[in-house]
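# Structural overview for review
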Amino acid sequence: MARYVLISDTTLSRNYRGVPLLDFLASAPTDAIPQSVYSFLRGPPPPASGGRAVLAPYAIRKLEAALLKGLPRDEVVVAQESHVADFVDEDTEVIGVSTMDPLGLGPLTMSYAVFFETQAPAYVQRDFEDLIASVNRARSGKKAKLMVGGPGVWEFTVHPDELEKNGIDYAFQGEADDIAVDLFRYVAEGSRERAEFFRGYQTFTRDFRKEWAPSPRFISRYQFSRQFPSLDDIPEIQGPSVKGMVEVMRGCGVGCDFCEVTLRPLRYYPPEKVERELEVNVRAGMGNAWLHSDEIFAYEHGRNFVPNEEKLLELVTAVMSTPGIEHTNPTHGRISIPAAYPDLMMKMAREMRAGPTNWIGLQVGVETGSDRLAQIHMPNKTLPLRVGPDGTWQEIVWRGTYVMNSYYWRPAFTVQVGQADETAEDNWATVALINQMSNSTLRSGRPFEFTITPMQHVPLGLLKNRNFSSLKLDVSQLAVYYAAYRHLAKVAARNATRASSEAGFRSRYLTGGMVGLGGWAMFRTVRNICRKGGLDIEAAERYGMSSSDRHQTPSLLAAR
Ligand code: SF4
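I will try to describe carefully the structure that is included in this document. A quick note: this is a predicted structure, and the numbers were derived from the prediction, not measured.

Summing up its helical and strand segments, the protein has 20 helices and 19 strands in all. Rg of the C-alpha trace for the protein: 23 Å, near the compact-globule value of 24 Å for 560 residues, within the 12% margin. Taken along the three principal axes of its C-alpha coordinates, the protein extends 70 × 55 × 50 Å. Split into buried and exposed, the 560 residues of the protein put 57% on the buried side. Put simply, 78% of the contacts in the protein that link residues at least 6 apart link residues at least 24 apart. Surface accessibility of the protein: about 22500 Å² in total, with carbon and sulfur atoms responsible for 53%.

A word on unusual backbone geometry. Following Leu383, the chain continues to Pro384 via a peptide bond in cis, the omega torsion being 5°. Its location among the elements puts Pro384 in the loop between α13 (371-377) and α14 (393-406). In this model, Lys243 sits at a positive phi of 60°, which is unusual for a non-glycine residue. Within the element layout of this structure, Lys243 appears in the loop between β11 (218-221) and β12 (245-247). For Lys243, a relative accessible area of 23% translates into the label partly exposed. Of note in this structure, Asp421 is not a glycine but carries a positive phi near 70°. Locating Asp421 in the fold gives a position in the loop between β18 (409-417) and α15 (424-438).

Here the focus is empty space enclosed by the protein. Going through the model one piece at a time under the given rule, you end up with two cavities of 30 Å³ or more. Ile7, Ser8, Ser13, Ala53 and Ala79 are the residues nearest the centre of the largest cavity, which is lined by 13 residues in total. For the second largest cavity, the calculated volume is near 30 Å³. Taken together, Val366, Val397, Phe413, Leu433, Ile434, Met437, Phe450 and Ile452 make up the full set of residues lining the second largest cavity. If one sorts the elements of the lining of the second largest cavity by residue count, α15 sits on top with three residues. Looking at the lining of the second largest cavity, its residues break down into eight nonpolar, no polar and no charged.

Attention shifts here to the environment of Trp290. Position of Trp290 relative to the elements: it lies in strand β15 (residues 288-292). Here Trp290 falls in the partly exposed class, since its relative accessible area comes to 21%. Sequence separation between Trp290 and Tyr341 is 51 residues; the distance between their C-alpha atoms is 22 Å.

Now for the sheet that holds β18. Within the open sheet, the three strands sit side by side as β17-β18-β19. Their pairing is parallel. The strands lining the two open edges of the sheet, one partner per strand, are β17 (360-367) and β19 (451-456). Put simply, the sheet's adjacent strands are angled 25° from each other on average, direction ignored. Relative to β19, β18 is paired through six bridges, and the arrangement is parallel. Paired with Val415 across the two strands is Pro454, which belongs to β19.

The tally for this structure, following the rule as stated, stands at 18 aromatic pairs. Centre to centre, the rings of Tyr402 and Phe448 are 6.1 Å apart; their planes meet at 70°, and the pair counts as edge-to-face. Of the two residues, Tyr402 sits in helix α14 while Phe448 sits in the loop between α15 and β19, which places them 46 residues apart along the sequence. Classification of Tyr402 as buried rests on a relative accessible area of 16%. Its relative accessible area of 1% is what places Phe448 among the buried residues. Three or more aromatic residues link up through ring pairs in this structure, and these residues are Tyr112, Phe115, Phe116 and Tyr481. When the ring centre of Phe40 is taken as reference, the NZ or CZ atom of Arg17 above it lies at 4.0 Å. For the cation-ring pair, Lys273 lies above Tyr269, with the distance from its terminal atom to the ring centre recorded as 5.2 Å.

This part is about the pattern of salt bridges. Scanning the entire structure with this criterion turns up 32 salt bridges. Residue Lys273 pairs with Glu236 through a salt bridge whose shortest N-O separation is 3.8 Å. With a gap of 37 residues between them, Lys273 in helix α9 (residues 271-283) and Glu236 in the loop between β11 and β12 connect regions that are remote in the sequence. With a relative accessible area of 8%, Lys273 lands in the buried category. For the salt bridge of Glu236 with Arg276, the shortest nitrogen-to-oxygen distance reads 2.8 Å. Of this pair, Glu236 sits in the loop between β11 and β12 while Arg276 sits in helix α9, and the two are 40 residues apart along the sequence.

Let us look at the sheet that holds strand β4 (residues 76-78). If you walk across this open sheet you meet the seven strands as β4-β1-β5-β6-β7-β11-β8, and the pairing is mixed. Each edge of the open sheet carries a strand with a single partner, namely β4 and β8 (197-198). Summarising the sheet, strand β6 (residues 145-149) and strand β7 (residues 170-173) pair through two bridges and their orientation is parallel. Within the sheet, the bridge partner assigned to Met147 lies in β7 and is Tyr170.

Looking now at the pairing of β18. Burial runs high along β18: eight of the nine residues are buried. Across seven bridges, β17 lies against β18 in parallel orientation. Within the sheet, the bridge partner assigned to Gln363 lies in β18 and is Ala412. Remark: the β18/α15/β19 crossover connection has right-handed handedness.

This part is about the pairing of β19. Where burial is concerned, most of β19 is hidden: six out of the six residues are buried. Here β19 shows no split at all, with Thr451, Thr453 and Met455 on one side and Ile452, Pro454 and Gln456 on the other all buried.

Take α15 next. Here α15 spans 21 Å end to end across 15 residues, near enough to the 21 Å set by a 1.5 Å rise per residue. Most of α15 sits out of view: 13 of its 15 residues are buried.

It is worth spelling out the nonpolar core at this point. If you look at the biggest cluster of nonpolar residues, it comprises 127 residues, and the most contacted ones within it are Val148, Phe297, Met348, Trp393, Trp409 and Phe413. Examining the composition of this core, we find that ten residues originate from one element, helix α17 (residues 475-499), more than from any other. With sequence-adjacent residues up to four places away left out, Trp393 is seen in contact with Ile335, Val366, Thr368, Gly369, Ser370, Asp371, Ala374, Met378, Thr382 and Val387. Within the second largest apolar cluster, 26 residues are counted, among which are Tyr4, Ala56, Val78 and Phe184.

The rules behind each value
- Residues numbered from 1 in each chain as written.
- Predicted model: local features only at pLDDT ≥ 70, side-chain atom pairs only at ≥ 80, totals over all residues.
- Heavy atoms only, no water.
- Helix = DSSP H or I, 4+ residues; strand = E, 2+ residues; numbered from the N terminus.
- Rg over C-alpha atoms; globule rule 2.2 N^0.38 Å.
- Buried < 20%, exposed > 50% of the residue type's maximum accessible area, 1.4 Å probe, protein only.
- Contact = heavy atoms within 4.5 Å.
- Areas by Shrake-Rupley, 256 points an atom, 1.4 Å probe, with all protein chains shown as cover.
- 1 Å grid on protein atoms, 1.4 Å probe; cavity = no way out; pocket = protein on both sides within 12 Å on 5 of 7 lines; lining within 4 Å.
- Points joined across faces, edges and corners; volume = space filled by probe spheres on them.
- Nonpolar A, V, L, I, M, F, W, Y, C, P; charged D, E, K, R; others polar.
- Pairing = 2+ DSSP bridges.
- Axes fitted to C-alpha atoms, helices over the stretch in contact; angles between N-to-C directions.
- Phe/Tyr/Trp six-rings, centres within 6.5 Å; stacked < 30°, edge-to-face > 60°.
- Lys NZ or Arg CZ within 6 Å of the ring centre and 35° of its normal.
- Salt bridge = Lys/Arg side-chain N within 4 Å of Asp/Glu carboxyl O.
- Right-handed = clockwise from strand over helix to strand, strands pointing away.
- Expected span 1.5 Å × (residues − 1).
- Core = buried A, V, L, I, M, F, W, Y, C linked by side-chain atoms within 4.5 Å.

Structural data, given as structure tokens:
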């Protein structure tokens, strides 16, 4: 039994059979993928020891560490998903749940909902509801309060009624590393007015300025106090994290106008701090280090977001010199850096021991193939290159991918559909980019290795009334989905069995078969929907592939 019990969204605790892109599976609508297929592909629940999670998502490990700064070990428990009830009794004061996409409103989940025109909940939402129902059963008739936190809390600001509907007492918004003990005590003691906390949440105006909205079920840091913990306030994890994730920095600062991360202050972990967290994971048998940041190339960056080669190499060298670490990859980064700094990519790859059997995955928000949209929404994302003098955005992306693949980096791109100011021509530019890249090779003849996933931007008004069926994709938007899923099917067929890191031969090939087949089935479904929506499939497949198309550029072809 414990005073504070912590648990995470179950979708964040699974390893998805070791196939990186399957992390997105839980965003699929429940009427699109059979439950049995979903259950197999997400993999088994994480192991438990005495009911405690042996591995837990990094955010929960961070919260656990923050609470342990001021509380004895036996008062805080990270429970494995099937064992919450084992730890909840009359003395339990707060159950904390960390969540990423509780109501299924995230951009990827929306991309499926809008594309398939379905009102069915996504697995991510259904799994969250199941978890909350099991927590509520465990605390029924007891005093324990239920509080949710994490990056998905914004969704409750859109639908505050869902808190009550799900029997959740409070939602905490923001970073809590330095105030976690106070926060949990505050909730345990009945959450009466206190100067440190604001009863409400932060939101943004149309021009991206912060606003404060009072709301009794929300708790956030007091408006006129410091809003973020300093680097010194951020504790180090005490227990191992899922996939060996450790953080290397917070914030970004690049300033894309659709991204909230950019508003957070930059804080860089020194390599020694990263190493200490890695040692916790290595002791649990983890040889992998997944380096979390929202923009790895901003790590200790110089003016104009010029990457700091010395610091980046120092960081990855420290990671790979940690005894027990065999593989590492950063989570997110910009494509303009590989395009502009091939030597840096080569040196980082060498330190990370990249090669044909050890690809370095990196999630990259390419967002669009359109120069116009890139310049409107993310002028700094291209820095230190500039769209215009240094080529088109498509050329920059193509060059960056060429460099990444040359040194065994594999980008997992995302593009946005439904951005503000978007025109059909912008979407066709994205189609051209995808088609060209999908048919490109390195000089050695190796095909370009990348995945690309559309993310749907849904206006807040529609998110509020959940009226997604009124959002009809036009032909140019369907073409983006079509080009992306056509490429994904090609990659799935090519790489499925190799992509899984599952140990067993049978499981690996079963997973590979399902991924290959799933990619093909998904593509067929996408093609049918696009055809019905009026897309000329043959024209979409050819778009951007002939020199007469307006988005094809001579220098891009010359480099091929
Ligand atoms: S580079 Fe990425 S993390 Fe940084 S502001 Fe732009 S979208 Fe956000």
